[in-house]
Amino acid sequence: MKVVLSGVKPSGIPTLGNYIGAIRNFARLQKEMKDHHFIFFVADLHAITVPHDVEELRKNIRAVAALYLACGLTTENASFFIQSEVPEHAEMCYVLQSVCYMGELERMTQYKDKARKQKSGIPVALFNYPTLMAADILLYDANYVPVGDDQKQHLELARNIAERFNNRYGETFVVPEALINKTGARIMNLQEPTKKMDKSESNNKGCIFLLESINSAKKKIKSAVTDSENKIQYHKTKKPGISNLMTIYSALTGLSNKEIEKKYASGSYGAFKTELAEIVGGEIAALQKRYNEIINSSDLDKILDDGRERAREIASKKLKEVYKKVGLTRR
Ligand code: AMP
Ligand code: TRP
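The structure contained in this document is the topic of the report that follows. (Residues numbered from 1 in each chain as written. Chains lettered and ligands numbered in written order. Predicted model: local features only at pLDDT ≥ 70, side-chain atom pairs only at ≥ 80, totals over all residues. Heavy atoms only, no water.)

Judged by nonpolar contacts, the single largest core of 63 residues is most densely connected at Y68, I248 and F272. Among the elements that make up this core, the one with the highest residue count is helix 3 (residues 54–70) (ten residues). Here this core spans two domains, since at least three of its residues come from each of domain 1 (3–180 + 298–326) and domain 2 (204–292). Not counting residues within four places of it along the chain, the set of residues in contact with F272 comprises I232, I242, L245, M246, Y249, I260 and Y264. Counting residues in hydrophobic clusters, the runner-up holds 41 residues, among them L5, L105, A135 and Y140. (Core = buried A, V, L, I, M, F, W, Y, C linked by side-chain atoms within 4.5 Å. Buried < 20%, exposed > 50% of the residue type's maximum accessible area, 1.4 Å probe, protein only. Helix = DSSP H or I, 4+ residues; strand = E, 2+ residues; numbered from the N terminus. Domains from an automatic or database assignment. Contact = heavy atoms within 4.5 Å.)

Next comes the structure, spelled out in structure tokens:
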């Protein structure tokens, strides 16, 4: 059975970007690919690669888990769990470090961006982040990895590591493929539309968090930065602000950019933003309703406990195979 795998790190409350670019697709793919096994997890080990607040992290781990379910993910054909509860991820990461090169990790753009922002030293774990991500993927022989555009480079590294390992030690890992959406793979910051919407950014006005109040979310759409042309037309580089709003509109309604342009041919930015604010508000209100039903339920714990056991079953077998391949056995 083919495997589809993805993770979201609980370094904050997921944003509309995470929702459109990643989480929402997981549920859609799950419905479309019934004969695949899905592996979804809260990538909490990735969240300690930069300085963090301990209590915040604890809360966010549970919140992200509940949000996955609120977005429609089911456990029918899936293992759903918290990464740090499956110790094989860290163990596999260690082995993969022996086939991953410093130069490869130095080239990662996310590392360069994040390293620049560290005030008191760059944690080694930040440098090694992509190796852990490769371990997450290769541990389950994932065929497909649905992610947003920003993870393309990390996926490429995971493929290189898999191929190198296979060449050195014999066929062991499946070489994974990224699944990246055509629309909405990179939702931009509403105030700085040339930067991606990122939950770890400090500019809160440009970022819609899935658990913020509906009013506040609507306000952020209405005050999004656009150009002065007042013409609803898609042009990513010349009109990044309105193009980003059109991408959000398109992702949530299914209308293409051309159809949106036609619909609002004589409309103003103000009218367009007001309608989009309603659409976004409606979408996250429904999501929050489901989230509130799940977050404090014991069902959530039960689902995560079961998921952990299922994941460990697969992961421990793979790790054993890998230990054997590299010579880490008595006989
Ligand atoms: P992260 O928040 O970095 O854990 O990302 C979780 C998932 O959301 C990954 O698949 C990312 O590629 C995706 N993602 C993050 N930010 C965005 C964004 N602004 N637009 C689209 N997808 C995103
Ligand atoms: N690094 C990913 C992100 O920041 C999250 C993640 C961790 C992930 N492990 C993964 C995504 C494995 C896909 C597969 O978005």
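If you walk through the whole model with that rule in mind, you get 13 aromatic pairs. Aromatic pair F41 and F81: ring centres 5.6 Å apart, planes at 25°, arrangement stacked. Of the two residues, F41 sits in strand 2 (residues 37–42) while F81 sits in strand 3 (residues 78–82), which places them 40 residues apart along the sequence. You'll find F41 and F81 in the same group, each marked buried. Judged by centre distance (5.0 Å) and plane angle (85°), the rings of Y264 and F272 are edge-to-face. (Phe/Tyr/Trp six-rings, centres within 6.5 Å; stacked < 30°, edge-to-face > 60°.)

So, about unusual backbone geometry. One non-glycine residue, D141, lies in the positive phi region at around 50°. Here D141 is to be found in the loop between helix 7 (124–138) and strand 4 (144–146). Within the chain, N230 stands out as a residue other than glycine whose phi angle is a positive 55°. Counting through the fold element by element, N230 comes out in the loop between helix 9 (214–222) and helix 10 (240–253).

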